[in-house]
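Chain residues, written in single-letter form:
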Amino acid sequence: MIKFPQNFLWGAATSAYQVEGNNIHSDWWEWERRIGLKEVSGEACRHYQLYKQDFTQAKELGHNAHRLSIEWSRVEPREGDFLDTEMEHYLDVVLCLKGLGLEPIVTLHHFTNPWWLAKLGGWQNKEAVAYFLRYTEKIVARLCEHVRFWVTINEPLVYIYFSYILGDWPPQKKSFFWAKIVFDNLVKAHVGAYRIIHRIYAEKKNNRPLVSLAQNLQAFAGWNNSLRNKCAVYLRNAFFNFNIIEKLKRSKALDFIGINYYTRMLVDAKKWNLRSLLLDKKEDDAPGMKKNSLGWDIYPQGLYDLLLSLKRFKIPLMILENGICTENDNLRWDFIRQHLKKINLAMGKDVNILGYIYWSLLDNYEWDKGFSPRFGLIELDYKTYARRPRESAKKFAEVCKTGVLADE
Ligand code: FCB
């Protein structure tokens, strides 16, 4: 029997664009159509209309927290034009969570941008920082009475990797130069937002909020022990995992470290150049390696190792995303169990962890991969929009309700 602390936060996450539907002012919406993406987000999960039903379900599943994001392009569909009706919508969403006894964890930027901002160069333009801070100020002023946990930016390095290094996501650049500029702007945006949030709470004499980002951590392992792979692992850990945390800690702009963890990458650098050292990988086809439906390795040990290596920062941690897409719900439950065990083990080694948020509450729109990856605790029928909690959700509910992971 494995026990978690009484005040542990348990829940699941969503992001606005992936569940709400009809985010027509977003850069992703424009891009889906322009390039003729096979599956467009469309109505997504109709969560914009059905959020009460979804949160009630989360409550029934024992959750005491929920991570969501605000869609910037809804709130500010044209530069400087903040829509009161949309601000009011997100206030209702947060109040609905509070009413159900779910702690809201609110993300301000989860990959998508207003289309007007993208037309101005998006995060390549240093003005993006000021625009983001103006939006942050508006949202935080509106929601601060009800929100304790803020996440400024979701996975800056994943965003940079797909949008500015691999060039798969909008604006489809392949440039280390632009990647670095965007990185610097996102760091500035985080630090600025951190300060604004704290200032607003202090002015209103609200309790101190806890502000972080959601940092994707990946376990990196060399495919063999060559010097090149050792260097590549070192560089990837620095560049993708730890640099940003070190930077933000130095700026005193992290109250906790939000962690998203999914998988491990087998590093196989073919050449001595930056692209190879940072990007080349190998498929792990070892017999017995379990994978999700997108082919990502399932590797709970990696989470444990990363949690222990974060101890040196002396800042509390929170798992803000951890999950699996699969058609096999037994595998989902096994995934959750194995990761919870590792989290508990790390806590036993004095790693301070505040909560566990599963990705995702619902099956949803998995970006350029469309609707087929099934990450949800709750299954969605995209023809009728009916929701049905999976068995794994019910097993997870027992843990959320009791704080105990029973032996199986
Ligand atoms: C993370 C994203 C989230 C979702 C999961 C599967 O990188 O934050 O939106 O796509 O992966």
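Located above this text is the structure these notes cover.
What you see is a predicted model, and the numbers here were worked out from it, not measured in a lab.

(A) Expanded view of the overall build of the protein. Within the protein, the regular secondary structure consists of 14 helices and 13 strands. Taking 2.2 N^0.38 as the reference for a compact globule, 408 residues should give roughly 22 Å; the C-alpha atoms of the protein span a radius of gyration of 20 Å, in line with that estimate. Dimensions along the principal axes, computed over C-alpha positions, put the protein at roughly 55 × 50 × 45 Å. For the protein, the proportion of its 408 residues judged to be buried stands at 60%. The long-range share in the protein, meaning contacts at least 24 apart out of those at least 6 apart in sequence, stands at 77%. Of the accessible surface of the protein, which amounts to about 16,600 Å², a share of 52% is contributed by carbon and sulfur atoms. Counting 58 positive and 47 negative side-chain charges, the protein places the averaged centre of each group 6 Å from the other.

(B) Region of the structure containing the site of the ligand. The environment of the ligand is made up of Gln 18, His 110, Phe 111, Asn 154, Glu 155, Tyr 262, Glu 321, Trp 359, Glu 366, Trp 367 and Phe 375. Between His 110 and the ligand, the recorded distance is 2.8 Å, taken from a side-chain N or O atom to an oxygen atom. For the ligand, whose accessible area on its own is 290 Å², the fraction buried by protein is 94%. Along the lines of polarity and charge, the residues of the shell around the ligand split into five nonpolar, three polar and three charged.

(C) Geometry of the packing of helix α9 (residues 176-203) against helix α10 (residues 227-250). Packing of α9 against α10 leaves a shortest axis separation of 11 Å and a crossing angle of 40°. Taken together, the axis directions place α9 and α10 in an arrangement best described as oblique. Crossing angle aside, the handedness with which α9 passes α10 is right-handed. The segment α9 lies against α10, with Phe 183, Val 187, His 190 and Val 191 engaging Ile 244, Lys 247 and Leu 248. Looking at the contact of α9 with α10, its residues break down into five nonpolar, one polar and one charged.

(D) Fine view of the environment of Pro 373. One can find Pro 373 in the loop between β10 (353-359) and β11 (378-381). Sequence separation between Pro 373 and Ile 324 is 49 residues; the distance between their C-alpha atoms is 8.8 Å. Excluding residues that lie within four positions of it along the chain, Pro 373 makes contacts with Ser 293, Leu 294, Cys 325, Asn 364 and Glu 366.

(E) Region of the structure containing helix α13 (residues 329-348). Taking 1.5 Å as the rise per residue, α13 with 20 residues should run 28 Å; its terminal C-alpha atoms sit 29 Å apart, in good agreement. Regarding α13, its N-cap is Asn 328, as a side-chain oxygen of that residue lies 3.0 Å from the backbone nitrogen of Asn 330 further along.

Scoring rules and cut-offs
- Residues numbered from 1 in each chain as written.
- Predicted model: local features only at pLDDT ≥ 70, side-chain atom pairs only at ≥ 80, totals over all residues.
- Heavy atoms only, no water.
- Helix = DSSP H or I, 4+ residues; strand = E, 2+ residues; numbered from the N terminus.
- Rg over C-alpha atoms; globule rule 2.2 N^0.38 Å.
- Buried < 20%, exposed > 50% of the residue type's maximum accessible area, 1.4 Å probe, protein only.
- Contact = heavy atoms within 4.5 Å.
- Areas by Shrake-Rupley, 256 points an atom, 1.4 Å probe, with all protein chains shown as cover.
- Lys, Arg positive; Asp, Glu negative; His and termini not counted.
- Charge placed at Lys NZ, Arg CZ, Asp CG, Glu CD.
- Near = heavy atom within 4 Å.
- Polar contact = N/O pair within 3.5 Å; in protein donor to acceptor, adjacent residues only side chain to side chain.
- Nonpolar A, V, L, I, M, F, W, Y, C, P; charged D, E, K, R; others polar.
- Axes fitted to C-alpha atoms, helices over the stretch in contact; angles between N-to-C directions.
- Parallel < 35°, antiparallel > 145°, perpendicular 65-115°, else oblique.
- Left-handed = near helix turned anticlockwise from the far one by under 90°.
- Expected span 1.5 Å × (residues − 1).

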